[in-house]
Amino acid sequence: MTKKISAIICGGILAAGLFFSPVQAAPLNFDADSAITQYTQTIQREPNNAVAYNNRGMAYKMKKNYSKALEDLTRAIELNPNYSDAYNNRGTVFYAQNKRNEALSDYSRAIELNPQDAVAYNNRGLLLGEIASYEKTSGKNSDSKFRNAISDLTRAIELDPNYAEAYQNRAAVRGWSSGSISSSQSEIKDYTRAIELGIQTAEIYSSRGISYRDIGEAEKALADFNKGLSINPKHGGLYNNRGRIYQDRGDYQRAIADFTKAIEYGVNLSVAFTNRGVCYYQLGNYDAAIDDFNQALSVNQNFQPALESLQAAIAAKSGRR
């Protein structure tokens, strides 16, 4: 009798969706180089123009020249210590550099200076959510940070009811903080509102699809994963997530095809190899399963789902002989 892989492994693993970063996108026709030239000329004429330093700093940020961006944004703050936008913008540069404490400090100062700044509340809320999520995975009690994150994002929405990214980010933070059905339903509501307000990315459909699957709405999840793939046919995470729906249904061949696509497009490889290996295991192809579990472990040697599944597949193969 073969050993059954534990339920959590049979269920496979969903790839986490990507969420809106606090860095606002530049207009489609934005030319950072031209902007830098323009604002440099302004600064030469008006060396105490805080707005010009702020704007040039953001142009440097668009080019990912973070050191120059920080220099300019810091100079803008020196020239105008009450310049809330410059604090918020400098916070986004610190965020891009993964300097969370500095970013948090700047977002908080921006809010102190302008309590009506929805963007600063959004940015601080998302950052607090990320910090809380990290602490949660480290075994720390992160409940208060999650509450503060959701409070900030809710405030952003109160200040700007059409702030699509704040709805998306609140849904993401709710997902990180809880795995309950009620939380998933709230996430779906926020993701849907963000979509209604104009966000049409593969990532948001992936994220809402995961929430639908969490409450057992497989058809709606599948529809979202298909929609996401119509937007970005090379989104590895969506192939992985759609493969999970097929896997739930016992349609292992279609699941294997999707997990193979996920591997091809470079989604979390330890997850995709493990999920495909589970399908091979269920089909009795233990050699292929063992190979996939080993591939997963070559990416992450401590990936527990692959370790447990490998042991089960080896035992199953031995039992057949």
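Residues numbered from 1 in each chain as written. Predicted model: local features only at pLDDT ≥ 70, side-chain atom pairs only at ≥ 80, totals over all residues. Heavy atoms only, no water.

Now for the overall build of the chain. A count of helical and extended segments in the chain gives 17 helices and zero strands. In the form shown here, the chain has an accessible surface area of approximately 15400 Å², with 46% of it arising from carbon and sulfur atoms. (Helix = DSSP H or I, 4+ residues; strand = E, 2+ residues; numbered from the N terminus. Areas by Shrake-Rupley, 256 points an atom, 1.4 Å probe, with all protein chains shown as cover.)

Packing of helix α15 (residues 269-282) against helix α16 (residues 286-299) brings their axes to within 8 Å, and their N-to-C directions diverge by 165°. As the angle between them shows, α15 and α16 are arranged roughly antiparallel. Where α15 crosses over α16, the handedness of that crossing is left-handed. Contact residues: Leu269, Ser270, Phe273, Thr274, Arg276, Gly277, Val278, Tyr280 and Tyr281 in α15; Tyr286, Ala288, Ala289, Asp292, Phe293, Gln295, Ala296 and Val299 in α16. When its residues are assigned to classes, the contact of α15 with α16 shows 11 nonpolar, four polar and two charged. (Axes fitted to C-alpha atoms, helices over the stretch in contact; angles between N-to-C directions. Parallel < 35°, antiparallel > 145°, perpendicular 65-115°, else oblique. Left-handed = near helix turned anticlockwise from the far one by under 90°. Contact = heavy atoms within 4.5 Å. Nonpolar A, V, L, I, M, F, W, Y, C, P; charged D, E, K, R; others polar.)

The next thing to look at is unusual backbone geometry. In this model, Lys64 sits at a positive phi of 65°, which is unusual for a non-glycine residue. Along the chain, the position of Lys64 falls in the loop between α3 (50-62) and α4 (66-79). Given a relative accessible area of 63%, Lys64 falls into the exposed group. One non-glycine residue with positive phi stands out, namely Asn98, at about 65°. (Buried < 20%, exposed > 50% of the residue type's maximum accessible area, 1.4 Å probe, protein only.)

On to helix α12 (residues 218-231), then. Across its 14 residues, α12 extends 20 Å between first and last C-alpha, which sits within 8% of the 20 Å expected from 1.5 Å per residue. Listed as buried for α12 are Ala221, Leu222, Asp224, Phe225, Gly228 and Leu229. Along the axis of α12, the buried positions cluster into a sector of 160°, meaning they face one direction only. Relative to its buried face, α12 has exposed residues pointing more than 90 degrees away, namely Glu219 and Ser230. For α12, the elements touching its buried residues are α11 (202-214) and α13 (236-248). (Expected span 1.5 Å × (residues − 1). Arc of directions from axis to C-beta.)

A word on the environment of Gln253. Within the secondary structure, Gln253 sits in helix α14 (residues 252-264). In this structure Gln253 comes out as exposed when scored by relative accessible area, which is 55%. Separated by 23 residues in the primary sequence, Gln253 and Arg276 have C-alpha atoms spaced 9.7 Å apart.

A few words on the side chain of Ser183. Within the fold, Ser183 resides in helix α10 (residues 181-196). For Ser183, a relative accessible area of 9% corresponds to the buried category. Ignoring sequence-local partners within four residues, the contact set of Ser183 consists of Arg174, Gly175 and Ser178.

A few words on the environment of Ser186. By secondary structure assignment, the location of Ser186 is in helix α10. Residue Ser186 is classed as partly exposed on the basis of its relative accessible area of 28%. Along the chain, Ser186 and Ala171 lie 15 residues apart, while their C-alpha atoms are 7.1 Å from each other.

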